[in-house]
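# Coordinate inspection notes
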Amino acid sequence: MRLVTTLRGPAQHSSESLVFEPPFGGHLSLQISEGNGPRSFRVANFGVAFPNIDTEKGSTGQLSIMGLRGRGKVAIAGQRLSCGAKVSAVVCYQAIERSEGFIFRKPDLYISPPEIFSGTLYLEAAIPDSVDGPWHSHAGSIQLHLVETKARLGYLRQISIPLEGQVFRALGGGAGAAAVLERKRIKLRPIGFANKDSDTNPSGSSWANQIKGAVKVWSDQCCIDFVCPDNPDILVIKNLKTEKSTDKILREFGNDDANRIEILFTKPPIGGGGGYTYSPGCGHAAIVLSDEEASNNSYLLAHELGHVFGALHPGDPRDPDQPALWVPEGATIHQPGLPDPSNTPRNCQCATNPKLIGTGGTCSG
């Protein structure tokens, strides 16, 4: 059984000498074992996003927390469930990454500059009378403290996310293909570039085909809906439509959207299979795609969105517990020429990004 909730409310941060209580939004998903024996649970995923926070060291910019893992025990007494686990999380700061000159894209997934936090998750909730009833939490929080800062930033030292008063929903099904999934949505902003206002051949021509592939892989199979325009926004920034350096494209674009994941198109090949994902798993993630390379692979955007949702490449040794793109089930959709791509139930269940918002519905994966 899976308990899911959309997190909202004020959280508490502390830095070296200041305490903040900014608003936040995100999601939390817990997987509880079922059966007659002792029950356990794991933190399937959580992601939380915050607005800019002004600390004594400077402004953080948009701040994202991505939960990595956590396992613990469940106790049931009467109509009350309680569970607790040790958890770890990555925290990344939008403005600091840019101002310090860090490049954070998929080869560096979960490596500097994010900061590593560890702590505990504790939750007490009332067990509803009916299977589909809401689970109301009476107490609980996610408490995190800084344990590693490879980038030596240290802007925040402790984070407390309240779980008291949150309302959880129960989703049935296990890890099989028929598991019940929470329906979520995420906003995308496709962007093409032109050299001047009268430019009739801007970048972004591959968008329509790419979003169709992404819908097949993530919407149809994982219940993740994309809110996006039919055509890219065209911006006049000279030479970006033919720029091959993805770092330069992102740096010169520099207009991060607080509500949407941005997808930037350039025309020529850029290497790396034709796509790069910056700040994967973060709320301020961004994707750069090559129109030329995307024309040979209808599922290039679908693959890069996997990185936005926190997935690694198959066999990546850095974190074997993380979901992978796209094995072991079905087609490897990052390869061209595959007519019927398939995603995995694990990818569907573990997709995490602070901008993924639960819509209150469910569907079968």
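Residues numbered from 1 in each chain as written. Predicted model: local features only at pLDDT ≥ 70, side-chain atom pairs only at ≥ 80, totals over all residues. Heavy atoms only, no water.

## Considering the state of the cysteines
Working definition of a disulfide: a covalent bond connecting the sulfur atoms of two cysteines. Note the threshold: For the purposes of this analysis, a disulfide is any pair of cysteine sulfur atoms at a distance within 2.5 Å. Every helix listed is a DSSP run of H or I at least four residues long, and every strand listed is a run of E at least two residues long, numbered separately from the N terminus. Here's how the labels work: a residue is buried when its accessible area is under 20% of the maximum for its type, exposed when over 50%, partly exposed in between, all with a 1.4 Å probe on protein chains only.
One pass over the structure, following the stated rule, counts two disulfides. The disulfide that involves Cys222 links it to Cys348, with 1.9 Å between the sulfurs. Because the torsion about its S-S bond is -60 degrees, the bridge between Cys222 and Cys348 counts as left-handed. Separated by 126 residues along the polypeptide, Cys222 in helix α2 (residues 207–222) and Cys348 in helix α6 (residues 345–350) bring together distant segments of the chain. Judged by its relative accessible area of 11%, Cys348 is buried. In this model Cys223 forms its disulfide with Cys363; the gap between the sulfur atoms is 1.5 Å. Taken together, the residues span a long stretch of sequence, with Cys223 in the loop between α2 and β15 (224–227) and Cys363 in strand β20 (residues 357–364) at a distance of 140 residues. By relative accessible area, Cys223 is classed as buried at 2%. Taking relative accessible area as the criterion, Cys363 reaches 14% and is therefore assigned buried.

## With respect to the environment of Gly281
With respect to the secondary-structure elements, Gly281 resides in the loop between β18 (275–278) and β19 (286–290). Here the alpha-carbon distance between Gly281 and Ser64, two residues 217 residues apart in the chain, equals 8.4 Å.

## Thoughts on the side chain of Glu293
For clarity, the cut-off: When charges are counted, neither His nor the chain ends are considered; positive counts come from Lys and Arg and negative counts from Asp and Glu. Any carboxyl oxygen of Asp or Glu within 4 Å of a side-chain nitrogen of Lys or Arg constitutes a salt bridge here. Any two residues having at least one pair of non-hydrogen atoms within 4.5 Å are treated as being in contact.
Among the secondary structure elements, Glu293 is positioned in helix α4 (residues 291–294). Although Glu293 is buried, it makes no salt bridge; Lys244 carries the closest opposite charge, 9.5 Å away. Residue contacts for Glu293: discarding those within four places in its chain leaves Pro268, Pro269, Ile270, Gly271, Gly273 and Gly274.

## Observations concerning the pairing of strand β12 (residues 158–162)
On a regular strand, one side chain projects to one face of the sheet and the next to the other, so that they alternate. Put simply, the rule is: Two strands are said to pair when DSSP picks up at least two bridges between them.
Sheet topology places strand β2 (residues 12–14) next to β12; three bridges connect them, and they run antiparallel. Residue pairing in the sheet places Ser14 in a bridge with Gln158 of β12.

## Comments concerning α2
For clarity, the cut-off: One less than the number of residues in a helix, times 1.5 Å, gives the span that helix is expected to have. Note that the bend at a residue is defined as the angle between axes fitted to the seven residues ending at it and the seven residues starting at it.
End to end, α2 covers 21 Å across 16 residues, agreeing with the expected 22 Å (1.5 Å per residue, within 8%). Along α2, the sharpest kink reaches roughly 40 degrees, centred on Val215. Restricting attention to buried positions, one finds in α2 the residues Trp207, Gln210, Ile211, Gly213, Ala214, Val217, Trp218, Ser219 and Cys222. Cys223 sits one or two residues past α2 and shows a positive phi near 65 degrees.

## As for the confidence of the model for the protein
Which entries qualify depends on this criterion: What pLDDT expresses is the predictor's confidence in each residue, scored from 0 to 100.
Per-residue pLDDT for the protein has a mean of 80; in total, 80% of the residues score no lower than 70. The low-confidence segment residues 318–324, where pLDDT is below 50, has 23 contacts with residues more than four positions distant or belonging to other chains. Across residues 326–338 the pLDDT falls below 50, and counting only partners more than four positions away or on other chains, this stretch makes 40 contacts in the model.

## Notes on the packing of aromatic side chains
Going by this rule: Side-chain rings of Phe, Tyr and Trp, where Trp is taken by its six-membered ring, are said to pair if the distance between their centres is within 6.5 Å; with planes under 30 degrees apart they count as stacked, over 60 as edge-to-face, and otherwise as tilted.
Taken as a whole and assessed by the stated rule, the structure comprises four aromatic pairs. Consider the rings of Phe193 and Phe253, whose centres lie 6.3 Å apart with planes at 70 degrees: the pair is edge-to-face. Taken together, the residues span a long stretch of sequence, with Phe193 in strand β14 (residues 180–194) and Phe253 in helix α3 (residues 246–253) at a distance of 60 residues. Taken individually, Phe193 and Phe253 each receive the classification buried, so the pair is uniform in this respect. A ring pair is formed by Trp207 and Phe265, whose centres lie 6.4 Å apart and whose planes are at 80 degrees; its orientation type is edge-to-face. With Trp207 in helix α2 and Phe265 in strand β17 (residues 261–266), the pair connects residues that are 58 residues apart, well separated along the chain. Phe265 gets classed as buried once you look at its relative accessible area, which sits at 0%.

## Re helix α5 (residues 300–308)
Residues separated by three or four positions in an α-helix point in the same direction, a consequence of the helix having 3.6 residues per turn. Most of α5 is tucked away: nine of the nine residues are buried. Those residues of α5 lying buried are Leu300, Leu301, Ala302, His303, Glu304, Leu305, Gly306, His307 and Val308. Phi for Gly310, located one or two positions after α5, is positive at around 95 degrees.

## Observations concerning the packing of α2 against α5
Geometry of a packed helix pair, given as the angle between the helix axes and the separation of the axes. Stated precisely, the cut-off is as follows: Where helices are involved, their axes are fitted lines through C-alpha atoms of the stretch in contact, as for all axes, and angles between N-to-C directions lie from 0 to 180°. Comment on the angle field: the value is read as roughly parallel under 35 degrees, roughly antiparallel over 145, roughly perpendicular from 65 to 115, and oblique elsewhere. The sense of a crossing depends on the near helix, which, turned anticlockwise from the far helix by less than a right angle, makes the crossing left-handed and, turned clockwise, makes it right-handed. When residues are grouped by polarity, Ala, Val, Leu, Ile, Met, Phe, Trp, Tyr, Cys and Pro land in nonpolar, Asp, Glu, Lys and Arg in charged, and all others, Gly among them, in polar.
Contact geometry of α2 with α5 gives a least axis separation of 7 Å together with a crossing angle of 55 degrees. On the basis of their axis angle, the class for α2 and α5 is oblique. The interaxial crossing formed by α2 with α5 has right-handed handedness. Between α2, through Trp207, Gln210, Ile211, Gly213, Ala214, Val217 and Trp218, and α5, the contact on the second element is made entirely by Leu300, Leu301, Ala302, Leu305 and Gly306. Considered class by class, the residues forming the contact of α2 with α5 number nine nonpolar, three polar and no charged.

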